[in-house]
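What follows is each chain in one-letter form.
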Amino acid sequence: MCPVDLPNPAQHPVTGGLFLSPVPAGSGWPGDPATAETPVATTAAQVRRLAMGAGGIRELDGRISVCRACPRLVAWRESVATHGRRAAFADQPYWGRPGPSFGDPEAEVLVVGLAPAANGTNRTGRMFTGDRSGDWLYAALHRGGYASQPTSVASGDGLVLTGLRIVAAVRCAPPANKPTTEEKAACAPWLDRDLELSEPRLRSMLALGAIAWDAALGAARRRGWDVPRPKPRFGHGAEAVLTTETGRQVRLVGSYHVSQQNTFTGKLTEAMLDEVIVRL
């Protein structure tokens, strides 16, 4: 990552609109779910209150996208957006805010990731968009019939997901891709509410990596779902059946994360990813 400090605003790569970095809420960024009036959480307690009070997915996403509850994560995501941009994207505006969920608000399948990438979601404002991990994931979702196109380059590029929505255990890009225990706990109510709003129609979840697997199990327990004991172990292709308080069964399927470390080394192949997606 090269130290780049360009004057704002910069031109959006799809729409050509001019945006400050980080992008102010309600300034016209494609897919921005927030407005200038969206309430902002600045503490973990406020995250819990605002998550619980969100009346739907759009409102929840708006509140997620302006959250400032974790000072270390806020400082990091904004420092990348302002003077830590990757040289290849130096002329682009950076979202520099938490990543809201992306996909079908009526989804029957949730994909749970770990956290946004500093030059991926933190740049584009859309989950798994603009980095190598997203290249792998969206190509597989397209092969599986969930994505309208196999590429995900930038917000506003026409990509639509049907029947599936992507969420994350942590919504801000963390330094070294490693959120702290406290940061994961502070962010958890957003996932809890996502799960609650999805519950009436949810049939399965795909956890990308062990942290996402644990986050999904934790959210299910906090919702009062029946989770097998001992705790189901993560592995590629692992599966656990969770039961909601109303008796509906939701399948949790595990996959190695679509990180470059896994895809470049062959730990995760396209065939392996396709195999878990077809089970959703």
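This section reports on the structure supplied with the text. A quick note: this is a predicted structure, and the numbers were derived from the prediction, not measured.

## Details of the overall build of the protein chain
Within the protein chain one finds nine helices and eight strands. In terms of C-alpha radius of gyration, the protein chain reaches 18 Å, essentially the compact-globule figure of 19 Å for 280 residues. A principal-axis box enclosing the C-alpha atoms of the protein chain has dimensions of 55 × 40 × 30 Å. Burial analysis of the protein chain (280 residues in total) assigns 55% to the buried set. Of all intrachain contacts in the protein chain linking residues separated by at least 6 positions in sequence, the fraction that spans at least 24 positions is 68%. Of the roughly 11600 Å² of accessible surface on the protein chain, 55% is carried by carbon and sulfur atoms. Across the protein chain, the 31 positively charged side chains and the 26 negatively charged ones have centroids separated by 4 Å.

## Details of helix α5 (residues 132-143)
For α5, which comprises twelve residues, the first-to-last C-alpha distance of 17 Å matches the rise-based estimate of 16 Å (1.5 Å per residue) to within 8%. Restricting attention to buried positions, one finds in α5 the residues S133, G134, L137, Y138, A139, A140 and L141. Packing partners of the buried residues in α5 comprise β3 (102-103), β5 (164-168), β6 (204-208), α8 (260-265) and α9 (270-277). After α5 finishes, the residue G145 shows a positive phi value of roughly 90°.

## Some words on α9
For α9, the full list of buried residues reads L273, V276 and I277. Along the long axis of α9, the arc covered by the buried residues comes to 100°, so they all point the same way. For α9, the secondary structure elements touched by its buried residues are α5, β6 and β8 (249-255).

## Points about the sheet that holds strand β7 (residues 239-243)
One key point about sheets: their strands pair by backbone hydrogen bonds, in either a parallel or an antiparallel sense. Strands sit in the order β3-β5-β4-β6-β8-β7 across an open sheet of six strands; the sheet is mixed. Either end of the sheet is taken by a strand with one partner, and the two such strands are β3 and β7. As defined by bridge partners, β6 adjoins β8 across five bridges and the pair is classed as parallel. Among the inter-strand pairings, M205 is bridged to a residue of β8, identified as L252. Here α5 sits on the sheet and contacts β3, β5 and β6; the angle it forms with β5, its principal contact strand, is near 155°.

## What about the pattern of salt bridges?
The tally for this structure, following the rule as stated, stands at 18 salt bridges. R63 serves as the salt-bridge partner of E59, at 2.9 Å between the closest nitrogen and oxygen. Here the residue E59 and the residue R63 both occupy positions in helix α2 (residues 57-65), the gap between them amounting to four residues, near one helical turn. Notably, a salt bridge pairs E108 with R203, separated by 2.5 Å at the nearest N-O pair. Residue E108 is found in the loop between β3 and β4 (109-113), and its partner R203 is found in the loop between α6 (181-198) and β6; the two are separated by 95 residues along the sequence. Within the structure, one salt-bridge network assembled from shared partners comprises R193, E196, E199 and R223.

So, how was this worked out
Residues numbered from 1 in each chain as written. Predicted model: local features only at pLDDT ≥ 70, side-chain atom pairs only at ≥ 80, totals over all residues. Heavy atoms only, no water. Helix = DSSP H or I, 4+ residues; strand = E, 2+ residues; numbered from the N terminus. Rg over C-alpha atoms; globule rule 2.2 N^0.38 Å. Buried < 20%, exposed > 50% of the residue type's maximum accessible area, 1.4 Å probe, protein only. Contact = heavy atoms within 4.5 Å. Areas by Shrake-Rupley, 256 points an atom, 1.4 Å probe, with all protein chains shown as cover. Lys, Arg positive; Asp, Glu negative; His and termini not counted. Charge placed at Lys NZ, Arg CZ, Asp CG, Glu CD. Expected span 1.5 Å × (residues − 1). Arc of directions from axis to C-beta. Pairing = 2+ DSSP bridges. Axes fitted to C-alpha atoms, helices over the stretch in contact; angles between N-to-C directions. Salt bridge = Lys/Arg side-chain N within 4 Å of Asp/Glu carboxyl O.

That is the geometry; function is a separate question.
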